[in-house]
Amino acid sequence: FTKTDFSTDETLPNTTMKIYTIDDELVYEGKTDKEGKIVIDRLPIGKYYLLETEAPEGYLINEEKMYFEVTGDDEVVKSNMKDKRITGSLEFTKTDFSTDETLPNTLIQIFNEKDELIYEGRTDENGKITIDEIPYGKYYILEKEAPEGYELNTEKMWFEVLEDGTVIKSTMKDHKIVKVPNTEANDYHELIISGITMIVAGIGLVVLSKKKKSGDKDDKK
């Protein structure tokens, strides 16, 4: 008996299987080995069925009864059962931190726990991305490129697919870039104006002083 992934044919260890006679009598219980296999020797002639009672982590239990028959000595009966992975969906939304306005054209990437890239794409006109059939496991979202006028959010946003058919809703917020006035340039400009004003005022004082001295001389005459 061999247990495999439904889509990839990858073998699946640690699957608990039971074998019953046609009369529902349990004759064997065990787990698949590291190669996803179970080998049973000296099974008496007769009709049987296999039943999966515990799926490997991340997979759905296959509830189908798999029938087989042993008909003669030294016969090798080969049987293969496939399991489907647990999958879920992600609904991602990008919004403004202050107003909750949705933000289109945001480039995001999704990585698994091994830091392997599994998805890259941009939010639509409604600031959303929907991804279906994400396999069982733990992942994180990273913003790769912020929309125009916004700061890049460097935070890792984690999510996890644990149950089949689950819909995970995730919202990431961005801060607007705030333009700060160049106060140094303004201060320098004001300093130049103040300096010119002081120079002009100084010239005025000198002219006034000269006129005053000239007036004093005329009085003495």
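As a reminder, the structure under discussion sits directly above these lines.
From a predicted model like this one, the values you see are computed outputs, not experimental measurements.

Engineer: Help me understand unusual backbone geometry, please; the structure alone is not making it clear to me.
Structural biologist: Most peptide bonds take the trans configuration, and most residues that are not glycine carry a negative phi. Residues other than glycine seldom take positive phi values, yet Asp 9 does so here, at roughly 65°. Mapped onto the fold, Asp 9 is located in the loop between strand 1 (2-5) and strand 2 (16-21). Phi at Asn 105 is positive, roughly 60°, even though this residue is not glycine. For Asn 105, a relative accessible area of 45% gives the class partly exposed.

Engineer: Explanation requested: the side chain of Thr 106 in the structure shown.
Structural biologist: On the secondary structure map, Thr 106 appears in the loop between strand 7 (87-96) and strand 8 (107-112). A distance of 3.4 Å separates a polar atom in the side chain of Thr 106 from the backbone oxygen of Leu 103.

Engineer: It is not clear to me how the sheet that holds strand 8 should be interpreted in this structure. Could you clarify?
Structural biologist: One open sheet accounts for four strands, arranged 9-8-11-12; its pairing is antiparallel. What marks the edges here is a single partner per strand, and that holds for strand 9 (117-122) and strand 12 (157-161). Across the sheet, the mean angle from the axis of one strand to that of its neighbour is 25°, orientation sign disregarded. Here five bridges tie strand 8 to strand 9, and the two strands are oriented antiparallel to one another. In the sheet register, Ile 108 faces strand 9, and the bridge partner there is Gly 121.

Engineer: Could you clarify how one ought to interpret the layout of surface pockets in this entry?
Structural biologist: Where empty space is left can be seen by rolling a probe of water-molecule size over the atoms. Each pocket or cavity is described by its volume, and for the largest pocket that value is around 600 Å³. Val 39, Ile 40, Glu 75, Val 76 and Val 77 are, among the 24 residues lining the largest pocket, the residues nearest its centre. Across the lining of the largest pocket, the residue classes tally to 13 nonpolar, four polar and seven charged. Estimates place the volume of the second largest pocket at around 240 Å³. A total of three residues in the lining of the second largest pocket trace back to one element, the largest contributor, which is strand 11 (residues 137-145). Class assignment for the residues of the lining of the second largest pocket results in three nonpolar, two polar and four charged.

The rules behind each value
- Residues numbered from 1 in each chain as written.
- Predicted model: local features only at pLDDT ≥ 70, side-chain atom pairs only at ≥ 80, totals over all residues.
- Heavy atoms only, no water.
- Helix = DSSP H or I, 4+ residues; strand = E, 2+ residues; numbered from the N terminus.
- Buried < 20%, exposed > 50% of the residue type's maximum accessible area, 1.4 Å probe, protein only.
- Polar contact = N/O pair within 3.5 Å; in protein donor to acceptor, adjacent residues only side chain to side chain.
- Pairing = 2+ DSSP bridges.
- Axes fitted to C-alpha atoms, helices over the stretch in contact; angles between N-to-C directions.
- 1 Å grid on protein atoms, 1.4 Å probe; cavity = no way out; pocket = protein on both sides within 12 Å on 5 of 7 lines; lining within 4 Å.
- Points joined across faces, edges and corners; volume = space filled by probe spheres on them.
- Nonpolar A, V, L, I, M, F, W, Y, C, P; charged D, E, K, R; others polar.

Any functional reading would require information beyond the geometric quantities listed.
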